[in-house]
Amino acid sequence: MSPGRVSQILSSFGAVWIAVAGLYVVSGLLSPAMFSTGQVINILQVASFLGVIAAGQTIVILTGGIDLSQAGVVTLTNIVAASLMAGLSENIPLAVGMVVFLALAVGAINGLLVAALGITPLIATLGMNSILFGAALVYTGGAPSGGTPASFQWVGNGALFGLPVPTLFWIALTFLLLVMTRKTVWGRRLYATGANPRAAGMMGVSTLRIDLSAYMLSSLTAAFGGLLLTAYTGSPSLGIGNQFMLTSVAAVVVGGAALTGGAGSVLATMGGAVFITELSSFTNIIRVSSGTQLVVQGLLILVSVLAYRVLSMSRRTGSAI
Amino acid sequence: MTADITNVRPASRGWFSRIGAQNVSLLISLVVLLAIFGALRPDVFFTPRNLINIGLAVTILGILAMAQTVVIVSGGLDISVGSIVGLSTMVLAVALQETGSIPLGILACLAAGLLAGAVNGLIIVYGPVNAVIATLGTMSAFRGLAYLMNNGNSIPIVGDGLRLLGTGTLLGLPFAIWLLIAVMAAFIVFTRETIVGRNIYAMGGNPTVARLAGIAVHRYQVGIYAMSGCAAAIAGIVLASRTMSGQPASGSQGLELEAITAAILGGCALQGGKGTIVGAMLGVLIIGVLNNGMILTSVPTFYQLLAKGALLILAVIVQERQRTRNGE
Amino acid sequence: MSHEHAVEVVGVSKRFGVVQALRDVSVGFAPATVTALVGENGAGKSTLMRMLEGEHQPDSGHVLVDGKPVSLSSPRAAHALGIRVIHQEPEIIPELTVAENIFIGDMRSRGAVFLDRADLIRRTGDLLRTFAMDEVLSPTQRCEGLSPALRQLIEIMRALRPGARLIAFDEPTSSLTEDEAGRLFSVIRRLKADGVAIVYISHRLREIVGLADRCVVMRDGQRVADEPMARLDEAKMVRLMVGRPVSDLFNRRQRTVGPVLLKLSGVATSKIHDVSLEIRAGEIVGLGGLVGAGRTEVARAIIGVDPLVAGSMEVSGAAYLPREPSDSVRAGIGLVPEDRKQEALLLQQSVRANVSLVVPDKISRLGFFSHRRERALVDHHVSQLRVKTPSIDQAVGKLSGGNQQKVVFARWQARGPKVLILDEPTRGIDVGAKAEIYRLIESLAEQGLAILLISSEMPELLGLANRVIVMQDGTVSGELAWQDATEEMVLALAMRPETEFRERKAS
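Residues numbered from 1 in each chain as written. Chains lettered and ligands numbered in written order. Predicted model: local features only at pLDDT ≥ 70, side-chain atom pairs only at ≥ 80, totals over all residues.

K.L.:
Would you mind showing me how to read the overall build of chain B here?
P.N.:
Looking only at helices and strands, one finds 15 helices and four strands in chain B. For chain B, the residues scored as buried account for 52% of the 328 residues in total. In chain B, 80% of the contacts between residues at least 6 apart in sequence involve partners at least 24 apart. (Helix = DSSP H or I, 4+ residues; strand = E, 2+ residues; numbered from the N terminus. Buried ≥ 20, exposed ≤ 12 C-beta atoms within 10 Å, placed from the backbone. Contact = placed C-beta atoms within 7 Å.)

Put into C-alpha cells, the structure is as follows:
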C-alpha cells in the first residue's frame, strides 16, 4: 500500500475516529466515570443498535438517496418478532424469517418508488415510514403483545470474548459491508451510481438494480437492528423505532458521507454511531436535561457538516500546492 | 420561425386555465371525497357544525402548508416547522406569564418564530448547508430549546384573552377560521401580486436566471425561512389558544410531514418553481376531509396513518407522471 | 456623449486553476457595429462574455464603458450599464408569464411592494410591437410548454429591454431553422440601426460573413486577429482559429473493410424515424447534420437509452434489442458521449475507477476485484494512450479536457468493443490533443472496430470518415462516399428544403 493510499484512507475514515477519541478523553477528564470499562462496554452495546441500522443507511446515502423508513422497519420488526415468538424458542426461526422477508419487501418497494418511478427519496421513504408505523398499529390494535424467549435475549444482552453480542454482530456486519463496497464490482457500481447516476447509466451500470439493492440492504440492516433491540429489551413497544429516523442519518453525516452521494464509508459511519452514543452517554452522566441533549444533537449535525466542508477545502488547497 | 409560430398553443384565458388543470383535478377529488362521506354519513357529515369542525381541524396544518409551499417554490424545504410550533407555544406561555399582556406575548411569540426561521435561513445560505440537513439539525435543536424553557414541562396559560381566540366566533365562524382565511388571503396576494412573490418562482424555477436578473437570492432565502418560522409561530398561537398552555412537545407528531404532504398534493414540485397557495389549501382540505370522514365512518385510527402515507406517495407519483408527460 | 467604443476591454487576463482562460485580451465594441467573435471551443469567448455580464471578474485589466472605466462586479451592475448577453440555452421559468419572464429583475411596483401588472403588460406589449413579435407572443401567456424557438425568442426579448448599449448573442441560431434565423438577423440589423453595439458569437462562419462588420478571432485565450469582415473569408478565419491548415490534422490511409458489425433497419424512437445504416469492421462512418437533426438520438437508440418503437438492429449479424445501456455494453458497443462530464465521467473518482467501470469481468473473480490486475490493465491503457496524469489514482476532474477524453477512450480500449460510437469526440479539446484523438480514432479503425462518428465539425467529418451519412429532421437525408463528400454537399443534404425532402421520400 502506497503512502498516498494510506493518507487517503486516513483522510476518509480518520476524522470521525479522531473526534471519537477526543470526545472520550475530554468527557473522561470531566467525568471519570467515562473511563470505566463498564461504561465503555455500555457505550458499545448501545451504539451497536444505531450502528447496525446506520450501516445500511450509509449504502443508500452512497447512492445519493436517503432512507427515512428505517424507523418504521425497526418498529414493525420489534412488534412482529415479539408477537410471533410469543416467548417460545421454537418460534425464533419463523419470526426471524418473517421479519427478513418483510424488510426485503419494504426495501424493494422503496427502491422501485425511487428508481423506477423517480420519486424523491425523502418523500418516498417518509411516506413508507408512515405506512409502516400505521401497519404496526393495525397489527397490534394499539396494544402490542408477545415477548422474546430467554434464548433470544442472549443475542441482545449476552457477551462473547468480553464484548456484547450486538457489538460483535455490528463489527461483523460492518466488515462485510466494507468488503462489499470496497472490493466488489457491485461496490464500484454503487459509488459510481452515487457520483454520477447519468454517466453510470450511460456506461452500462444498471442503476435501477443498484438502487434496488441499496434500499433492500438498508431495510435489512434496519430489521437486524430491530431484532437486536427486541432481544435487548425483550418486549414489544410501538415507539421503539422513532429515534432512528434521524439518528441513523445523523450517524452517516457525522461519519462524513456526502448526502449528494458517491462519497462516504461504512467504517466512518461506525465512528459516527460511536460518537453520537458517546455524546449522549456523556450528557447523561453529567445529568444535563433532555432539552440540552436535543440541542446538542441538532448542533452536532450542523457542526459536522460544516467541519467536513472545511476539511475537504483544506485538502483541496493542500493538493493544489 | 413561421412553422413554430403557427403551432403555438393559443393563450387560453378561460376559467380552466386560470384555476389550473392541477387544481381542477384536486377540486374533483375533494368533491368525490365529500360525496362519499356525505353518502356514508348523511345525517352528520354535511351539518354546519361538522364543516366547521373540519375547518378548525385544518387551521394549523393550513397555515404551515401555505408557508411550506412558498419555501418549496423557492427551491428549499423546511422540516423544522413542527419544532418551531412547539417552541413558540412555550415562548407565548412564558411571555404571558412574565408580562401578562396578550399583545406583548403574541409579539414575543412571533419574534421567536421569525428568529428561529432566520437562523435556518442563515445556516442554509452562509453554511452553506443543504436545506434538508440544516432543518433536520435545527428541528432537534429547537425542540431541545422548547424543553429547556421549563425543564420539559408544559406551562399553563391563564386569563380569558387568549381563550377567546380559541373559542370566540364572528358571524358564526370561529376566530381561528377567520385567521386561516386572512393568512390565506395574505399568501395569495404575496405570491401573485408582489414583485418579491413572483421573483420567488424565478428563484426556484431557474436559479441562474434569478441570479443574472439581479435578484438578491441569499437575502430572499433568509427572508423565506424567517417567514416560514413566523407562520409556524402563528400556528403555535392557535394551538396554545386551544390547549391553553405552552407544550414543548406540541407539533412533534409529524406536523412538518403533513404540511409537506399537503403542499405536494397541491401541486408543488420539490425541485422548486412550481406550486400555488390555492393548490396547497385544496391539498389541506382533502387531508382534513379524509381525516374527518374516516373518524365519522369509524375507520380505526390506525388505518388513517396508512392512508396518509399512501396518499403522499400517490400524490408524488401523479406529480412525477405529469412532469414526464410535459417533457420537462 | 459618444465615444469610439461603446464597451471596451483593455488587457484583461483571467485564470481558473491551471487554465489561463484569457491572456491580455483587448477588444473594443463600437456602436452600430456587428462584431463577430469566433474561435474554437475553449478559446476564451465564453469567459470574455461572462466577464462582460458581470459573472466573472478579471484578474487584471479593466473594462471601459463609453471610455470610462467601470466595475462589472455583478450581473446587476452589468445590466444597469446596458450590457446584455443572450445565452445559447434559453432560461425560461415555466410558471411565469411571458411579460414576467422578459422583465424579470426589472418589474415595477405599485405602492412599494405590489406588482404593477398593467405597467408590465404595457411595457411588454411595446417591446413586442417594436420588434414585430406581438403576433407570436402574448404578454399574459404562461411560458409552460412553449416551443424551443419561442423560448429562445423570449430570451432575446429579455436582452432587448430598453437601455441596451451592447448585446451579445452566443450561438443564437443553434436551435433555430433557417427561416427563424433570418428573422433573428432582421432583429439584429434593426438593433444595429438603433446604434447598439452587437457581439455575435457563432461557429457558423457563413452566417458571420453575411452579417458582421468586423471579426475578432480568439485562440487559446488570446486575441489573434481583429479585422474588418471584408478582409477575411471562411478559410482565413478557420486558419486563424486553428493556427494551422486543417488538412494537416488528417492523413488518410487506405482502410481495409470487413463484415458488417452494426446494422440498423428502419429504426424509429420517439425522436427519430426510419433510420437505416450499416457499419463494417474497420470502417468509420460519419453522421452529419445540423444540431437537433437527431444524430445523438440515433446513438441513444443504439445503446438502449431511448426505446425503439419500430425497426430492428443487428450486431455481427445477430438480432440485438437493448433495454438499457448495460445490454449494449455486453453486446460489444461502446459510446463516447457528447457531454463528457455529465454522461461519461465520475469526476471526483480516480482515473483507475473510471477506466475499470466498464471492464469488471476482466479484473474480478466472483464479483471481487483484483487490485493488482486492475492496476496493470489500467496502467497499460493509460500509458498507451499517453494520458497525462500524475498517477492513475488522480481524480479525473483535475485533468484537462483532452486527457479526460482520453480516459474515456482508454475505458473502451480496455473493454475492447466491436462497435464504438463517438459523439462529438473533440468538443472542448485543444488543437494539439485533437490531433492525437484523430490518430487514435484511425488506429481503432485499423484494429477492426466499426466506428460511428457524430460530428458537427466538417473538417473532422470529411477528414476521417469513409462515408458520411447526413441526417435532417430525425431521419437520414442522404449518404456520400468520402471521395464525393464536400462541405457544401453535406450542408445541402442537412438543410434541404422541406418540400423537396418530402417528395424524395415519397418516391
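Picking up where we left off.
K.L.:
Explain the pairing of strand β23 (residues 467-472) of chain C here, please?
P.N.:
Successive residues of a regular strand alternate their side chains across the two faces of the sheet. Residues and elements named next belong to chain C. Within β23, six of the six residues are buried, which leaves it mostly tucked inside the rest of the structure. Along β23, one buried face is formed by R467, I469 and M471 and the opposite face, lined by V468, V470 and Q472, is buried too. As judged from the four bridges shared by strand β15 (residues 284-288) and β23, these two strands associate in the parallel manner. Residue G286 lies in a different strand from β23, and its bridge partner there is V468. Looking at chain direction, β23 and strand β24 (residues 475-481) are connected through six bridges and run antiparallel. When the sheet's bridge partners are listed, R467 is paired in β24 with A481. (Pairing = 2+ DSSP bridges.)

K.L.:
Can you help me understand the environment of G401 of chain C in this one?
P.N.:
Within the fold, G401 of chain C resides in helix α14 (residues 401-415). Linking G401 of chain C and T426 of chain C, residues 25 residues apart in sequence, is a C-alpha distance of 9.2 Å.

K.L.:
Is there a simple way to think about the sheet that holds strand β12 (residues 222-228) of chain C in this case?
P.N.:
What links the strands of a sheet is backbone hydrogen bonding, and the strands pair in either a parallel or an antiparallel sense. Residues and elements named next belong to chain C. Here we have six strands laid out as an open sheet, ordered β6-β9-β10-β3-β11-β12, and mixed in their pairing. Among the strands making up the open sheet, the edge pair consists of β6 (83-86) and β12. If you compare each strand with its neighbour and ignore which way they point, the axes differ by 20° on average. By the bridge criterion, six bridges tie strand β11 (residues 214-219) to β12 in an arrangement that is antiparallel. Residue pairing in the sheet places R219 in a bridge with Q222 of β12. Running at roughly 150° to strand β10 (residues 197-201), helix α6 (residues 178-193) makes contact with β3 (34-38), β9 (166-170) and β10 of the sheet. (Axes fitted to C-alpha atoms, helices over the stretch in contact; angles between N-to-C directions.)

K.L.:
Quick question: what am I supposed to make of the nonpolar core here?
P.N.:
In globular proteins that are soluble, nonpolar side chains generally tend to be buried together. Residues L64 of chain B together with Y200, I451 and L453 of chain C are the most contacted members of the largest nonpolar core, which totals 356 residues. Residue contributions to this core peak at 15 residues, all from helix α12 (residues 217-243) of chain B. Not counting the four nearest positions on each side in its chain, L64 of chain B is found in contact with V81, A231, A232, A235, L255 and A259 of chain B. (Core = buried A, V, L, I, M, F, W, Y, C linked by C-beta atoms within 7 Å.)

K.L.:
Help me out: how do you make sense of the packing of helix α9 (residues 175-193) of chain B against helix α14 (residues 277-296) of chain B in this one?
P.N.:
The geometry of a pair of packed helices is captured by two quantities: the angle between their axes and the separation between those axes. Residues and elements named next belong to chain B. Taken N-terminus to C-terminus, the directions of α9 and α14 make an angle of 145°; their axes are 9 Å apart at the nearest point. In this structure, α9 uses M184, F187, I188 and T191 to contact α14, whose residues at the interface are I277, V278 and M281. For the contact of α9 with α14, the class distribution of residues is six nonpolar, one polar and no charged. (Nonpolar A, V, L, I, M, F, W, Y, C, P; charged D, E, K, R; others polar.)

K.L.:
Looking at this structure, how should I read the packing of helix α4 (residues 92-116) of chain A against helix α10 (residues 207-233) of chain A?
P.N.:
Residue and element names in this part refer to chain A. Two numbers describe how α4 lies on α10: the axes approach to 7 Å, and their chain directions differ by 145°. Helix-helix and strand crossings are classified by hand; for α4 and α10 the assignment is right-handed. Residue composition of the contact of α4 with α10, by class: 19 nonpolar, six polar and one charged. (Left-handed = near helix turned anticlockwise from the far one by under 90°.)

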